[in-house]
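Structural features, examined
What follows is each chain in one-letter form.
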Amino acid sequence: MPAVTPEEPLALPRVAAPSDATDRAVLTVVDAPTALEGEGFQVRRAFAGIDLRYADPFLLLDHMAPVEYAPGEAKGAPDHPHRGFETVTYMLDGKIRHRDSNGGGGVITDGATQWMTAGAGIVHSEMPTEDLLEGGGLFHGVQLWVNLPKEQKWSPPRYQDIEAGEVSLLTTEDGGAVMRVIAGDLGDHAGPGSTRTPITYAHASISPGARLRVPWRMDFNALVYVLAGRGVLGVERRPIREGQLGVFGEGDAIQIWADASQDSNVPVLDVLLLGGAPIREDIAWYGPFVMNTRAEILEAVEDYQAGRMGAIPAEPSTA
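First, a word on what this report is: a plain description of the structure on this page. (Residues numbered from 1 in each chain as written. Predicted model: local features only at pLDDT ≥ 70, side-chain atom pairs only at ≥ 80, totals over all residues. Heavy atoms only, no water.)

Considerations on the overall build of the protein chain
Test applied: Runs of E in the DSSP output that reach at least two residues are strands. Runs of H or I that reach at least four are helices, and both are numbered from the N terminus. Atoms counted for the radius of gyration: C-alpha only. Globule rule: 2.2 Å times residue count to the power 0.38. The rule is simple: take the accessible area with a 1.4 Å probe, protein chains only, and divide by the maximum for that residue type; under 20% is buried, over 50% is exposed, in between is partly exposed. Residue contacts are counted whenever heavy atoms from the two residues lie within 4.5 Å of one another. Accessibility throughout is a Shrake-Rupley quantity obtained with a 1.4 Å probe, and a residue counts as covered only by protein chains that appear here. Under this rule, positive means Lys or Arg and negative means Asp or Glu; His and the chain ends count for nothing. Here the site of a charge means NZ on Lys, CZ on Arg, CG on Asp, or CD on Glu.
A tally of regular secondary structure across the protein chain gives 2 helices and 26 strands. Taken against the 2.2 N^0.38 rule, which gives 20 Å for 319 residues, the C-alpha radius of gyration of the protein chain at 19 Å falls within 12% of a compact globule. Once the C-alpha set of the protein chain is aligned to its principal axes, its extents read approximately 60 × 45 × 35 Å. Here the protein chain holds 319 residues, and 55% of them are scored as buried. Long-range pairs, those at least 24 residues apart, make up 74% of the contacts in the protein chain between residues at least 6 apart in sequence. Total accessible area on the protein chain stands at roughly 13,600 Å², and carbon and sulfur atoms take up 49% of it. Separation between the mean location of the 25 positive side-chain charges and that of the 44 negative ones in the protein chain comes to 4 Å.

What to know about the nonpolar core
Note that soluble globular proteins tend to have their nonpolar side chains buried in a common cluster. Heads up, the condition is: In this text, buried Ala, Val, Leu, Ile, Met, Phe, Trp, Tyr and Cys residues form a nonpolar core when linked through side-chain atoms within 4.5 Å.
One finds Phe47, Phe58, Leu61, Leu144 and Tyr201 to be the most contacted residues of the largest nonpolar core, which totals 31 residues. Residues in contact with Tyr201, not counting those within four places in the same chain, are Val88, Tyr90, Val142, Leu144, Arg180, Val181, Ile182, Ala183, Leu272, Leu273 and Leu274. Ranked by size, the runner-up nonpolar core spans 29 residues in total, among them Ile206, Val226, Val271 and Ala277.

What about a nonpolar patch on the surface?
What counts here: Put simply, a patch holds well-exposed residues, over 30% relative accessible area, that have no salt bridge, with like charges counted together within 9 Å and Val, Leu, Ile, Met, Phe, Trp or Tyr side chains within 5 Å. Salt bridge, as used here: a side-chain nitrogen of Lys or Arg that lies within 4 Å of a carboxyl oxygen of Asp or Glu.
Taken together, the side chains of Leu52, Ile283 and Trp285 define a hydrophobic patch exposed on the protein surface, amounting to about 250 Å² of accessible area. Position of Trp285 relative to the elements: it lies in strand 25 (residues 284–286).

Let's talk about unusual backbone geometry
The residue after Asp56, namely Pro57, is reached through a cis peptide bond having omega 20°. Looking at the element boundaries, Pro57 is found in the loop between strand 3 (41–45) and strand 4 (58–69). The backbone phi angle of Asp110 is positive, close to 45°, even though this residue is not glycine. Relative to the helices and strands, Asp110 resides in the loop between strand 8 (105–109) and strand 9 (113–117).

Focus: the pattern of salt bridges
Tallied over the full model, the rule gives 11 salt bridges. For the salt bridge of Arg213 with Asp23, the shortest nitrogen-to-oxygen distance reads 2.9 Å. One end of the pair, Arg213, is in strand 18 (residues 211–215); the other, Asp23, is in the segment before strand 1 (26–31), and 190 residues separate them in sequence. On the basis of relative accessibility, which here comes to 22%, the residue Asp23 falls in the partly exposed class. By sharing partners, the salt bridges in this structure join Arg83, Asp303 and Arg308 into a single network.

Below is the structure:
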C-alpha cells in the first residue's frame, strides 16, 4: 500500500492511551459481504452485518478490495446524484477521477482522500483515469458515507482534496504502529479533514507482533475494519482478518495487536479506525439520498429528475 509511510517512525509524535484508561470490549466481529457498484466493480460492504446504531453517524463503508485490472477492464461510477450526507473516498492504489456539478474535481491516488459534502444536492462521477483504463493496473480504495444531522442536510455542497502528505502522522510509544489521521482527533493530534459531524478517521499500519493502544472519546462509537493482514482486538484478543469489521463497546481506549506472523505479500496489519458522535435521528434512505423523512426522499428524486441538482460540466473541447 503506497499510503504515506515514514522512514523513521520514532521521529513522529507519539500517542498512547493512559494506563488507567478503560479498554473497550469487543461486541462483535463480522464479515463484509461482497456487492457490485457502479458499472459493476466489486466491493466489500463492511456495515452490512451490524445494527447501524453501532455505526452512527456512519452509513456505509465500501472496501474496493485490491484488484489487478487488465487493459480495458477498469470500472467506475458514472454521473449520479447524492443528497443529505458526505462521501469520503480514500485511495490506496490506482487512480480515480472525481468530477461534480459544483465544479469540484481531481485525481485521487496513492494515499489521497476526496471529501465531498453532498449537502442539499450534487451530481458527481468517479471514474478510472485514462492511463488506468488503457494500461490496467492495481486498484484499491475505500469509500465512507458520513451522515449529516437534520439542520445540515441542506448545507451547500463542498469538495475537499486531501493529499497523502497532508495527513497527520503519529506512532505508538515503541514505534510499532504508524497512524495516518485523515479527520478528527487522535489524542491531541488532528487530521486535515474538515468535518460537519464530529468523527475520527485514521489508517493504521501495525507491525507483526506489535500493539496499538490509543485513547478514544467516550462519546464516540468505535469501529475497526481490516484492510489487510491478521490480528486480534481488545483485551479478549478477538481474532480479526482482512475483510472483517470489529465493533467495540464503551470505554476510552481501544487496542489492537498484529499477529506475529503475517503473509509474505501482506507484511503488516492495516486497519481503518473509525468513530463518531451518534446523530440519533430518523433516517429515510433511498439509494443515493439519505434524509429524515419519506417526503424529503420524494423531493430529492423530483429535484434530481428536474435537473435542480445540476449537471457535471462537459469536458473542455480540444478541437
